[in-house]
Structure formats: structure tokens, C-alpha cells
Amino acid sequence: MTEYDYWKIFPRMPKKVTIGDITIRDGFQHLEKFISTQAKITYLEELIFAGCRNIEVTNLGNPRSMPQFSDAEALLAHLRSDNFVERAAKKGINMAEDVVLTAITIREQAVDRAIELKKRGVGPDRLLMMVSTEEQHHFANSGTTLPNYWKEAERCIQKCKAAGLKMCGTVSTIWGSPIGGATQLKDAVEFTKYWLSIGASDIEHADHDGSASAADVYRYFSMILDEIPDTRLHIAHFHETKRVAAASVLAALQAGICHFEATLGGLGGQPANFLDDRPIKGTGDYYYDDERYVGLVCLEDTLVQIDEMGIEHGYDVDRILWLGKQLERTVGTRLRSEAMINGRTLKQGHMEYARPGLAKLKETLGEKPEQSFPQ
């Protein structure tokens, strides 16, 4: 007989998840429109007040070549300010204990900058460095080789430990590389082990170009949890290029992953190399043909999907749907969330759309109000 209990079919699937937001960092970096510091502060605040407890605030890399990151210190300083900490406390949020603020630090210079900010009392809680299992992709992102980067990462992790900072190690090109093509899942497992062996606090498993299929996502995360079963160490990061990332989220859940990342409106991708009315350095030429199809999974849609599965997540879903509408006004274009437009699955319905006369007709025909079949 068919088993209908989803959690019996997939016994590793969690009943509670964490969904981190990276709109302000990964989302806005891809836009070819400058987003003001005040706008970023507004969205950071609203995301935290709506339930986000893991949030990527900024990139501490090279602000000169990527002006979207030039306000990095201002954003962190605002979230550490007495005024905001007090406002958050009034809503029951302890910024020191409940919320993890992350900054991207691909290279050692950025790590040193983060440590300096930490010493001044406005630094992040957690940093992130990144490797790709396919070395051409890694070189495009970091500018150096994998062996040399691993040595740099180990140095940086030791610096972070001394400064009281955590370091997340990202593994990319798990399911394929936009430069080198197909990759092997087993390589990403070994890269994950290596990150942990040199002291990484957790691992972001990233599908940065949307190569993943649901079957391979389930296979990979099952491999990972067989080898490293502590789910607190693993974060799933899916980009949406083929409109199948929701299936990847579900497959990761089925495998047992309980920590995900998303962005409002499905924003995100490679840093822009054009801003407002002029070209800028960014990270060089884009490695995709259409910038509209490279963002992350939508926070709005992912929340609705998980909420309607009965999985606990800690967000005010309606507030996030409202926030997604505001972001479209900020960006000035239609974004990718369907839930933001169409809302959640109806519980009460919309009787204003009903055709008049059904009750009267049933009475005329001698039928009971709830009768569905002839007697």
C-alpha cells in the first residue's frame, strides 16, 4: 500500500528550517542600478523585523571597482548602533544573540578589513570565503589557484578565530561550471571535508549558475549527510536559471538539509559591470547571456513553499510578501516572485467571485446545501 506520510518516505526531512537572506549583498550586487545606503538599511531592518536571523549584509572586497559595496561599513555600523539595537529589543530581538551578520571576504585583504571593523565594534559576526571545484571558475572569482587559495583561507581562518569571528567556507560548481562544464559530486564532498579540516565553521553548498537538477541535489546532499551528518554545518544555496530551483529546494529538504539561502524577488548573480549610465570594472565580463535569469531562489516563493508544507521557519510570511512588492518599486522593474503577486494558497476563498444563484438552484432542485451526488 502507498505510504502517504511524507516524513516516513523521507525520514531525514526537517520539521524546522533556517532561511537566510542575502538580498542586500548578493541580490543588489547584480543590479545595474545604484541602490542607496538608506534603501539598503530599510530592507535590512525590515528583513530582520520580519524574522530573518541570518543575513548577508555586505561585501568587504573592493568597493572602488564595485560601488554597490562602498557603503559596507555604514550598513554594519547601523545594525550595531545603540538606536537600532534598542528598536530591535522592543520587538523581542536580541541583536547580539539572535541575529548573525555575515560579510563576504573572498580574499585576505577583505578579511583583514573585517577584523579591523570587529575591533572598532562594528564588524560582522561571520565571514565567507569561496572555492570552486572547477579551477577555471575559481580563478575567475578569486584570481588565484586552488592550492594557493587554500593556504590563504587557512591563514584567514586562524586570524578569524583569534578575532572571535566565524568563517563559512563556500563550495561552488558542485553540479557544473559555466566555464569548465560538467563536474563530479564527489569532488565537492572532498572540498567540504577540507574546509572543515582547516577550521571553517560551516559550509555553503552553492549552485551559482543554476546547473543543479533535483535528482542530483538529492544525491549530493545525501552523500554529504552520510559523510558529515551534522546538519548545522550545511547550507544550500541555489540559483534560478531554468525555473527548477524550487525542485532543488524540495530535494535538499528530502535529503535532510535544514538551512537555505534566498533573496527577495530572486535577485542576485555576478557583480554588475555597468552601473546606472556607465561601465565599471565589476568582476569582468558576464558569463551568461541574459542577466534576468541568474538570480537566487525567491525568498517569497521559498517561504510560501516551506510554510505550506507545515515546516517551521520563523518568518512573518505576509510581511515578506509585502516587502517584495516594495522592492519592485525600489528596483523599478518586475522581479521573479510569483507568490508576491498571487499570494498564498487560499484558505477562505474569494466569494466575491462566485456566480450568483447556486443556493437558490439547489433549493429548487431539492438538494441539500452540501450535497455533491444524486440521492
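Details of the structure are given in the entry above.
Residues numbered from 1 in each chain as written. Predicted model: local features only at pLDDT ≥ 70, side-chain atom pairs only at ≥ 80, totals over all residues. Heavy atoms only, no water.

Some remarks on the overall build of the protein
No. 1: Check the secondary structure of the protein and you find 15 helices and 10 strands.
No. 2: Computed over C-alpha atoms, the radius of gyration of the protein comes to 23 Å, within 12% of the 21 Å expected from 2.2 N^0.38 for 375 residues, which places it in the range of a compact globule.
No. 3: Overall, the C-alpha framework of the protein stretches about 80 × 50 × 40 Å when taken along its three principal axes.
No. 4: Expressed as a percentage of its 375 residues, the buried residues of the protein come to 52%.
No. 5: Considering only contacts within the protein whose residues lie at least 6 apart along the sequence, 76% involve residues at least 24 apart.
No. 6: A total accessible area of about 18000 Å² is found for the protein, and carbon and sulfur atoms account for 51% of it.
No. 7: Measuring between centres, the 44 positive side-chain charges of the protein sit 3 Å from its 53 negative side-chain charges. (Helix = DSSP H or I, 4+ residues; strand = E, 2+ residues; numbered from the N terminus. Rg over C-alpha atoms; globule rule 2.2 N^0.38 Å. Buried < 20%, exposed > 50% of the residue type's maximum accessible area, 1.4 Å probe, protein only. Contact = heavy atoms within 4.5 Å. Areas by Shrake-Rupley, 256 points an atom, 1.4 Å probe, with all protein chains shown as cover. Lys, Arg positive; Asp, Glu negative; His and termini not counted. Charge placed at Lys NZ, Arg CZ, Asp CG, Glu CD.)

Focus on unusual backbone geometry
No. 1: Within the chain, Arg243 stands out as a residue other than glycine whose phi angle is a positive 60 degrees.
No. 2: Tracing the sequence through the fold places Arg243 in the loop between β7 (234-238) and α11 (245-255).
No. 3: Given the relative accessible area of 46%, Arg243 is considered partly exposed.
No. 4: Even without a glycine there, the phi angle at Asp276 is positive, about 60 degrees.
No. 5: Asp276 sits in the partly exposed class, given a relative accessible area of 49%.

A look at helix α10 (residues 214-227)
No. 1: With 14 residues, α10 should cover 20 Å at 1.5 Å per step; its first-to-last C-alpha distance of 20 Å lies within 8% of that length.
No. 2: Those residues of α10 not exposed but buried are Val217, Tyr220, Phe221, Ser222, Ile224 and Leu225.
No. 3: The secondary structure elements touched by the buried residues of α10 are α9 (185-197), β6 (202-207), β7 and α11. (Expected span 1.5 Å × (residues − 1).)

Describing the pairing of strand β4 (residues 126-132)
No. 1: Most of β4 is tucked away, with 7 of its 7 residues classed as buried.
No. 2: Of the two faces of β4, the one lined by Arg126, Leu128, Met130 and Ser132 and the one lined by Leu127, Met129 and Val131 are each fully buried.
No. 3: Summarising the sheet, strand β3 (residues 100-104) and β4 pair through 3 bridges and their orientation is parallel. If you follow Ile104 over to β4, its bridge partner there is Leu128.
No. 4: With helix α6 (residues 108-119) bridging β3 and its parallel neighbour β4, the resulting β-α-β unit is right-handed.
No. 5: In this sheet, strand β5 (residues 166-172) lies alongside β4 in parallel orientation, the contact comprising 7 bridges. From the neighbouring strand, Met130 faces β5, where its bridge partner is Thr170. (Pairing = 2+ DSSP bridges. Right-handed = clockwise from strand over helix to strand, strands pointing away.)

Topic: the environment of Ile306
No. 1: Turning to its location among the elements, Ile306 is positioned in helix α12 (residues 299-307).
No. 2: According to the relative accessible area criterion, Ile306 is buried, its value standing at 0%.
No. 3: Sequence separation between Ile306 and Asp207 is 99 residues; the distance between their C-alpha atoms is 20 Å.

Considering the packing of helix α4 (residues 72-80) against helix α5 (residues 82-90)
Packed helices, taken two at a time, are described by the angle their axes make and the gap between the axes.
No. 1: Between α4 and α5, the least distance of the axes is 5 Å, while the angle of their chain directions is 50 degrees. Compared by their axis directions, α4 and α5 come out oblique. Two secondary-structure elements touch here, α4 through His78, Leu79 and Arg80 and α5 through Asp82, Phe84 and Val85.
No. 2: Split by residue class, the contact of α4 with α5 holds 3 nonpolar, 1 polar and 2 charged. (Axes fitted to C-alpha atoms, helices over the stretch in contact; angles between N-to-C directions. Parallel < 35°, antiparallel > 145°, perpendicular 65-115°, else oblique. Nonpolar A, V, L, I, M, F, W, Y, C, P; charged D, E, K, R; others polar.)

Structural notes on the packing of aromatic side chains
No. 1: All chains considered together, the criterion is met by 13 aromatic pairs.
No. 2: Geometrically, the ring pair formed by Trp175 and Phe238 is tilted, given 5.9 Å between the ring centres and 45 degrees between the ring planes. Residue Trp175 is found in the loop between β5 and α9, and its partner Phe238 is found in strand β7; the two are separated by 63 residues along the sequence. There is no split in this pair, since Trp175 and Phe238 are both buried.
No. 3: Chaining the aromatic ring pairs together yields one cluster made of Tyr6, Trp7, Phe10 and Tyr218.
No. 4: Seen from the ring of Trp7, Lys15 lies directly overhead, with NZ or CZ sitting 5.2 Å from the centre.
No. 5: Of note, Lys91 hangs over the ring of Phe49, and the distance from its end group to the ring centre comes to 4.9 Å. (Phe/Tyr/Trp six-rings, centres within 6.5 Å; stacked < 30°, edge-to-face > 60°. Lys NZ or Arg CZ within 6 Å of the ring centre and 35° of its normal.)

Looking at the nonpolar core
No. 1: Of all hydrophobic cores here, the largest spans 96 residues; its most connected members are Trp195, Phe221 and Phe238.
No. 2: Ignoring anything within four residues of it in the chain, the contact list for Phe221 reads Trp175, His205, Ala236, Phe238, Ala252, Ala255 and Ile257. (Core = buried A, V, L, I, M, F, W, Y, C linked by side-chain atoms within 4.5 Å.)

Looking at α4
No. 1: Among the residues making up α4, those that are buried are Ala72, Leu75, Leu76, His78 and Leu79. The arc that holds the buried residues of α4, viewed along the axis, is 155 degrees, so those residues lie on one side.
No. 2: Packed against the buried residues of α4 are α2 (23-29), α3 (37-49), β2 (54-59), α5, β3 and α6. (Arc of directions from axis to C-beta.)

Quick notes on the packing of α12 against helix α13 (residues 317-331)
No. 1: At a minimum axis distance of 9 Å, the contact between α12 and α13 shows a crossing angle of 160 degrees. Between α12 and α13, the angle falls in the class roughly antiparallel. As for how α12 packs across α13, the hand of that crossing is left-handed. For the pair α12 and α13, contact is made by Leu299, Glu300, Leu303, Val304 and Asp307 and by Val317, Ile320, Leu321 and Gly324, respectively. (Left-handed = near helix turned anticlockwise from the far one by under 90°.)

Here's the deal with the pairing of β5
No. 1: Burial within β5 is extensive, with 6 of its 7 residues counted as buried.
No. 2: A crossover links β5 with its parallel partner β6, the connecting element being α9, and its sense is right-handed.

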